[in-house]
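# Results of the structural survey
Single-letter residue listing:
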Amino acid sequence: MKNLARSYVWWPGIDGQIEILTKGCEGCQRVQNAPPLAPLHPWEWPSSPWQRVHIDFAGPFMDCTFLIAVDAHSKWPEVIKMKSTTSEKTIAVLRTIFARNGLPEQVCSDNGPQFVSMEFKKFMQDNGIKHFTSAPHHPATNGLAERFVQTFKKAIKSMHHEHLPLQHKIDNFLFIYRRTEHSTTGQPPAVLFMQRNLRSQWDLIKLDVRRKVHNKQFQSVYQKPTRFFHIGQEVLVRDYRGDKWQPGIVSSKAGPLMYEIEVGGELWHHHIDQIIEAGRQTDCTSTAGHSQASDVGVYVYPSGTDTETVPDTVEEMYPSGSDTETVSKPAMESPEHEVPLVTTDPEPSSGISVEQPVTLGVKHRYPDSVRKAPQRHTCLPSRNGREAPENRVTLLAPRKGGQASRFPPRPPAAENKRAAGGVR
């Protein structure tokens, strides 16, 4: 219009006057385009779950209408199938949801007739809830509920091939949605709303904490077999008053590791770690001495031998002037215990040969060592007058001047060959 006017006439300010004339035209104002969209202003994220709840209706869909309620903090959804959407039915459904999750501080909805009725306003006021409504025909204000309505419809439509009841499909959708990470928060709605995630069949693959702790306890406790005692068994019980152990008899078993012990007419209640098995008392002196003597190869007199008549020293056994070839044998009960004697070299002090008893049927711990004569080298006289071993090579040869040469002298045949002019 401006170009058309300027092609015929022109005066200063003609463009501004044409704009004022156009804006005042009633027909132009009715058909003009909508202004550009304003940038979205997001809602403030609540600091706690179920603080602000967005509600809306989805439907009619699948011959039903669904009430949608979404928590603004955790994105936790609630979907209730309704046959009637009156204010009375809507309040009854919300009362059930609030009884399960608590009363929110704020509720946001559109301007549906159920939400702007006097009955609904009274319900909000009686429960101390602030009710916010979006602008008419502007669903972006209640965008959280509107977006979930779209997601809910797509999910239910995608399950049309499954031969399941409608409520079963809704439950499956809510179960998966609540335990899946949300794109906005990065956490599953169940974690932010209930401080835990929902357990599913996939959790059977993972080893839960309870089973892991149980396995650790089982490994640490049951690695060694547990001791046990029979009723009527003689045991020793720990006594913390006087003697360390007191003898007693197992009376009964009070628990997995607890026993009732009868000690001196009293009944003691003790743990298995405070009880030990009573062993048989045996005389360990004779057996220990026998084993020790047998190890060193000393003759052990059998039981019944009069050890008082056996001399303790060599002088008592072989007095001076006695015939060493025939020595009286020790006093024994029978000839079966006679000990053969072996004559050894005479001692330097007494000058007599001593006959020592030989152990019969007793093996020494170590075999007898056999001494061999040392191997001595046969020495031959060397040129310098010293004696050298036979296998030693003398490298130093005397010179004419008396000094030793480092190299040995050449043989005579080599000297004659050199004098005759031969090749070296």
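Residues numbered from 1 in each chain as written. Predicted model: local features only at pLDDT ≥ 70, side-chain atom pairs only at ≥ 80, totals over all residues. Heavy atoms only, no water.

### Some remarks on the overall build of the protein chain
Definition in use: Helix and strand definitions follow DSSP, with helices as H or I runs of at least four residues and strands as E runs of at least two, each counted in order from the N terminus. Think of it in three bands: residues with accessible area under 20% of the maximum for their type are buried, residues over 50% are exposed, and the middle band is partly exposed, with areas taken using a 1.4 Å probe on protein chains only. Whether two residues are in contact is decided by their heavy atoms: any pair within 4.5 Å suffices. Methods summary: accessible areas were calculated by the Shrake-Rupley approach with a probe of 1.4 Å, and residue burial reflects only the protein chains presented.
Each helix and strand in the protein chain was counted, giving 12 helices and 16 strands. Buried residues in the protein chain amount to 24% of all 424 residues. Considering only residue pairs separated by 6 or more positions, the protein chain has 45% of its internal contacts joining residues 24 or more positions apart. A total accessible area of about 32600 Å² is found for the protein chain, and carbon and sulfur atoms account for 54% of it.

### Quick look at the sheet that holds strand 6 (residues 234-238)
Using the following cut-off: Pairing between strands is defined by DSSP: at least two bridges between the two strands are required. Each axis is a line fitted through C-alpha atoms, taken for helices only over the stretch in contact, and angles between the N-to-C directions span 0 to 180 degrees.
One open sheet accounts for five strands, arranged 9-8-7-6-10; its pairing is antiparallel. Every interior strand has two partners, whereas the edge strands, strand 9 (266-271) and strand 10 (275-277), have only one. Each adjacent strand pair in this sheet contributes to an overall mean axis angle of 45°, direction not counted. In the sheet, strand 6 pairs with strand 10 via three bridges, with the strands oriented antiparallel. Paired with Leu-236 across the strands is Ile-276, a residue of strand 10.

### Overview of the pattern of salt bridges
Quick note on the threshold: Should a side-chain nitrogen of Lys or Arg be within 4 Å of a carboxyl oxygen of Asp or Glu, the pair is scored as a salt bridge.
Tallied over the entire structure, the rule returns seven salt bridges. Notably, a salt bridge pairs Arg-100 with Glu-78, separated by 3.3 Å at the nearest N-O pair. Pair noted here: Arg-100 is in helix 4 (residues 87-101) and Glu-78 is in strand 3 (residues 77-82), with a separation of 22 residues, a long-range link. Arg-241 is paired through a salt bridge with Asp-239; the nearest N and O atoms lie 3.3 Å apart.

### A few points about the sheet that holds strand 4 (residues 106-109)
Taking strand neighbours across the sheet as the criterion, the five strands line up as 3-2-1-4-5 in an open arrangement whose pairing is mixed. Lying at the two open borders of the sheet, with one neighbouring strand each, are strand 3 and strand 5 (130-133). Taking the axes of each pair of neighbouring strands and ignoring which way they run, one obtains an average angle of 25° across the sheet. Along the sheet, helix 4 contacts strand 1 (52-61), strand 2 (64-71), strand 3 and strand 4; its crossing angle with strand 3, the most-contacted strand, is approximately 145°.

### Thoughts on the pairing of strand 7 (residues 245-253)
Sheet topology places strand 6 next to strand 7; five bridges connect them, and they run antiparallel. Counterpart to Leu-236 in the pairing with strand 7 is Pro-247. Where strand 6 folds back on strand 7, the antiparallel hairpin that results is connected by six residues. Of the pairings in the sheet, the one linking strand 7 to strand 8 (residues 258-263) comprises four bridges and is antiparallel in character. Paired with Val-250 across the strands is Ile-261, a residue of strand 8.

### Some details on a nonpolar patch on the surface
Note the cut-off: Patch membership is restricted to residues that have no salt bridge and whose relative accessible area is over 30%. Joining uses 9 Å for like charges and 5 Å for the nonpolar side chains Val, Leu, Ile, Met, Phe, Trp and Tyr.
Together, Leu-4, Tyr-8, Val-9 and Trp-11 make up an exposed nonpolar region whose accessible area comes to about 470 Å². Here Trp-11 shows up in the loop between helix 1 (2-6) and helix 2 (14-23). With relative accessibility at 37%, the residue Trp-11 sits in the partly exposed group.

### Comments concerning the packing of helix 6 (residues 143-158) against helix 7 (residues 166-178)
For clarity, the cut-off: By definition in this entry, angles of less than 35 degrees are roughly parallel, angles greater than 145 are roughly antiparallel, angles of 65 to 115 are roughly perpendicular, and the rest are oblique. Should the near helix be turned anticlockwise from the far one by less than a right angle, the crossing is termed left-handed; should it be turned clockwise, right-handed.
Viewed as axis vectors pointing N to C, helix 6 and helix 7 meet at an angle of 125°, and their least axial separation amounts to 10 Å. Viewed along their axes, helix 6 and helix 7 adopt a mutual orientation that is oblique. In this structure, helix 6 crosses over helix 7, and the sense of that crossing is right-handed. Residues Phe-148, Thr-151, Phe-152, Ala-155 and Ile-156 of helix 6 form the contact with helix 7, whose own contacting residues are Leu-166, Lys-169, Ile-170, Phe-173, Leu-174 and Tyr-177.

### Regarding the packing of aromatic side chains
Cut-off, in case you're wondering: What counts as a ring pair is set by centres within 6.5 Å for rings of Phe, Tyr and Trp (its six-membered ring), and what kind of pair is set by the plane angle: stacked under 30 degrees, edge-to-face over 60, tilted for all other angles.
The tally for this structure, following the rule as stated, stands at 13 aromatic pairs. Residues Phe-66 and Phe-152 carry aromatic rings whose centres are separated by 5.1 Å and whose planes lie at 70° to one another, so their mutual orientation is edge-to-face. Placement of Phe-66 in strand 2 and of Phe-152 in helix 6 is noted, with a sequence separation of 86 residues between them. For Phe-152, a relative accessible area of 0% gives the class buried. Note on Phe-148 and Tyr-177: the rings are 5.2 Å apart at their centroids and 75° apart in plane angle, and the pair reads as edge-to-face. Here Tyr-177 lies in helix 7 and Phe-148 lies in helix 6, a separation of 29 residues in the sequence. For the pair Phe-148 and Tyr-177, one class covers both residues: buried. Site record: aromatic cluster; members linked through ring pairs are Phe-61, Phe-66, Phe-148, Phe-152, Phe-173 and Tyr-177.

### Remarks on the confidence of the model for the protein chain
The test is simple: pLDDT: the predictor's confidence for each residue, scored from 0 to 100.
When pLDDT is averaged along the protein chain, the result is 76, and 66% of the positions lie at 70 or above. Here residues 393-397 scores under 50 on pLDDT; set against residues more than four positions off or in separate chains, the count is 13 contacts. The low-confidence segment residues 414-424 (pLDDT under 50) makes four contacts with residues lying over four places distant or belonging to another chain.

### A short note on the pairing of strand 5
As a reminder, the rule being used: By the criterion used throughout, a crossover qualifies as right-handed when its path from the first strand across the helix to the second strand runs clockwise, the strands pointing away from the viewer.
Pairing of strand 4 with strand 5, which is carried by four bridges, proceeds in the parallel orientation. Paired with Val-107 across the bridge in strand 5 is His-131. For the crossover from strand 4 across helix 5 (residues 118-126) to strand 5, the handedness is right-handed.

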